[in-house]
Amino acid sequence: MIKLGIDVGGSGIKGALVDTETGQLTGGKVHIDTPSPAAPDRVCEAVVELVTHFRWQGPVGCGFPTIMADGRAKSYGNIDERWLGVRVDALFEEHTGVPFTVVNDADAAGCAEMTFGSGRGKNGKVLMVTIGTGLGTALYYDGQLIPNIELGRINSMKGEPIEFYASSKVKKEENLSIEDWAHRFDYFLNHVDRVFSPDHFIIGGGISENFEEFCEYLTGDVPITVAQMRNSAGIVGAALAAGSLQR
Ligand code: BGC
């Protein structure tokens with residue numbers, strides 16, 4: 001079945017039509033820069049633009065970079081504080097006229113990887129980490145998602161969320177070498193290992209494509225696989241959620 005998947009991120013809002021039986025995009029992705037500030041009305045305009053672009057009239061699945069419970073944003077992550085408490089699904093439905101299911105963006109990406117990508121057939125505790133504007137995490141146990149696990153929000157030594165220290169946005173802003181950034185990311189993975197003892201890490205987001213350049217700096221012994229669906233995981237996972245009941 002074809003569904004529209006939309007991935008709202010800190011730097012881009014992307015959409016594509018997805019065949020939910022194969023996990024393949026049926027055409028190109030459309031990217032709109034995330035407005036700054038990413039206030040609800042402006043993000044909503046971008047979402048309307050995507051739905052209109054695809055002339056889409058069916059259910060839409062959307063990954064959103066905050067804690068999502070029953071379609072409501074329970075945090076505002078790295079976007080705009082005006083999202084806190086907003087019924088995101090209802091807002092998008094009102095402006096597009098089509099039904100929306102909105103889930104956490106990392107949970108969506110994890111779902112795509114567990115269904116079609118690196119996580120297929122992996123049991124035990126699998127933790128997907130999406131490295132981008134923030135550090136998004138999705139935890140699966142025997143293939144079952146435990147939603148809204150926010151490990152990027154663990155405090156770092158500085159008392160700030162660790163994603164302010166080890167995301168790829170920070171790498172760019174602080175002009176860190178891949179090695180310097182990798183040591184930070186390694187600190188994060190080792191800390192998560194100590195607390196959750198996952199059986200497997202899957203890492204995604206643009207920087208994961210350079211895994212060969214930084215894997216030598218990762219010191220833990222939990223097996224790490226790169227997300228197979230690369231930057232489409234968020235869109236595909238969002239499409240898989242389309243039409244489902246909200247959590
Ligand atoms: C948010 C998460 C989100 C992650 C990646 C974090 O700032 O708290 O909910 O999954 O960014 O976008």
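Since this is a predicted model, take the numbers as computed values, not measurements.

Asks: I'd like to hear about the packing of helix H3 (residues 105–116) against helix H8 (residues 233–241), residue by residue, with values.
Replies: The packing of two helices is summarised by the inter-axis angle and the distance between the axes. In the contact formed by H3 and H8, the axes pass within 7 Å of each other and the chain directions differ by 85°. What the angle tells us is that H3 and H8 run roughly perpendicular. Where H3 approaches H8, its residues Ala108, Ala109, Cys111, Ala112, Glu113, Thr115 and Phe116 are matched on the opposing element by Ala233, Gly234, Val236, Gly237, Ala238 and Leu240.

Asks: Hey, could you go over unusual backbone geometry for me, with residue numbers and the actual values?
Replies: Look at the link from Ser36 to Pro37: it is a cis peptide, with omega at 0°. Turning to its location among the elements, Pro37 is positioned in the loop between strand E4 (30–33) and helix H1 (40–53). The phi torsion at Asp70 lies on the positive side, around 50°, for a residue other than glycine. Within the secondary structure layout, Asp70 lies in the loop between strand E6 (68–69) and strand E7 (72–73). Positive phi values are uncommon outside glycine, yet Asn175 reaches one of about 55°. Checked against the element boundaries, Asn175 lands in the loop between helix H5 (168–173) and helix H6 (178–196). A residue is classified by how much of its surface remains accessible, and Asn175, at 68% relative accessible area, is exposed.

Asks: Could you give me a rundown of the side chain of Lys3, with the residues and numbers involved?
Replies: Turning to its location among the elements, Lys3 is positioned in strand E1 (residues 2–8). Although Lys3 is buried, it forms no salt bridge, and the closest oppositely charged side chain is Glu21 at an N-O distance of 7.9 Å. Within the structure, Lys3 has its side chain in polar contact with the backbone oxygen of Ala242 (distance 3.4 Å). Non-local contacts of Lys3, meaning those with residues more than four positions away in its chain, are made with Ala16, Leu17, Val18, Thr20, Trp56, Pro59, Ala239 and Ala242.

Analysis parameters
- Residues numbered from 1 in each chain as written.
- Predicted model: local features only at pLDDT ≥ 70, side-chain atom pairs only at ≥ 80, totals over all residues.
- Heavy atoms only, no water.
- Axes fitted to C-alpha atoms, helices over the stretch in contact; angles between N-to-C directions.
- Helix = DSSP H or I, 4+ residues; strand = E, 2+ residues; numbered from the N terminus.
- Parallel < 35°, antiparallel > 145°, perpendicular 65-115°, else oblique.
- Contact = heavy atoms within 4.5 Å.
- Buried < 20%, exposed > 50% of the residue type's maximum accessible area, 1.4 Å probe, protein only.
- Lys, Arg positive; Asp, Glu negative; His and termini not counted.
- Salt bridge = Lys/Arg side-chain N within 4 Å of Asp/Glu carboxyl O.
- Polar contact = N/O pair within 3.5 Å; in protein donor to acceptor, adjacent residues only side chain to side chain.

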